[in-house]
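Each chain, letter by letter, is given below.
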Amino acid sequence: MILQVNEINNVTQATILPQEASLANAEMFKEEMITLVANGAKLIVVSFENVDYIDSSFLGSLVVALKYAMPRNVDIYLVSLKPDVKSLLTMIRMDKVFKIFRDFEEVMEASK
């Protein structure tokens, strides 16, 4: 299990548990995200609070999850990115693909 999942006010909060988001856990992450969408989640907030490192295979799984979610009208937001991870996502322009927030509370404020 890669994600710790909580449901708060119809928002699915999914925290990535490993410190390294890499090839070793990318496939399981993708499967868990697709399962959340298939089970009826409408907004999934993915927390990177534990993640110190992310590689291209994990980023690919994140994009696959988004491509699965979009036609089902499910949003995926990213929160709690450490500076190195956020810099990478910005550099490869993933900040244009995903909505990125400081933390879960900021998401809840924005969605009121």
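Note: the structure precedes this text.
Notes on the structure in this doc start here. (Residues numbered from 1 in each chain as written. Predicted model: local features only at pLDDT ≥ 70, side-chain atom pairs only at ≥ 80, totals over all residues. Heavy atoms only, no water.)

## Side note on the packing of aromatic side chains
And then number 1: A full pass over the atoms with the stated rule returns two aromatic pairs.
And then number 2: Aromatic pair tyrosine 77 and phenylalanine 101: ring centres 5.2 Å apart, planes at 45 degrees, arrangement tilted. Here tyrosine 77, found in strand E6 (residues 75–79), pairs with phenylalanine 101, found in strand E7 (residues 99–101); they are 24 residues apart in sequence, far enough to count as distant.
And then number 3: Note on tyrosine 77: relative accessible area 12%, which makes it buried.
And then number 4: Taking relative accessible area as the criterion, phenylalanine 101 reaches 17% and is therefore assigned buried.
And then number 5: Over the ring of tyrosine 68 we find arginine 72; its NZ or CZ atom is 3.7 Å from the centre of that ring. (Phe/Tyr/Trp six-rings, centres within 6.5 Å; stacked < 30°, edge-to-face > 60°. Helix = DSSP H or I, 4+ residues; strand = E, 2+ residues; numbered from the N terminus. Buried < 20%, exposed > 50% of the residue type's maximum accessible area, 1.4 Å probe, protein only. Lys NZ or Arg CZ within 6 Å of the ring centre and 35° of its normal.)

## Some remarks on the pattern of salt bridges
And then number 1: Under the criterion given, the structure shown has five salt bridges.
And then number 2: As a salt-bridge pair, lysine 96 and aspartate 95 come within 3.9 Å of each other at their nearest N and O atoms.
And then number 3: Given a relative accessible area of 26%, aspartate 95 falls into the partly exposed group.
And then number 4: For arginine 102, the salt bridge is made with glutamate 106, and the minimal N-O distance between the two is 3.5 Å. (Salt bridge = Lys/Arg side-chain N within 4 Å of Asp/Glu carboxyl O.)

## A closer look at the sheet that holds strand E2 (residues 11–16)
And then number 1: With mixed pairing, the five strands of this open sheet are ordered in space as E1-E2-E4-E6-E7. Two strands close off the open sheet at either side, each with one partner strand: strand E1 (3–8) and E7. Put simply, the sheet's adjacent strands are angled 25 degrees from each other on average, direction ignored.
And then number 2: Both strand E4 (residues 43–47) and E6 contribute to a ladder of five bridges, which runs parallel. When the sheet's bridge partners are listed, valine 46 is paired in E6 with leucine 78. (Pairing = 2+ DSSP bridges. Axes fitted to C-alpha atoms, helices over the stretch in contact; angles between N-to-C directions.)

Without other data, these values stay purely geometric and don't point to any function.
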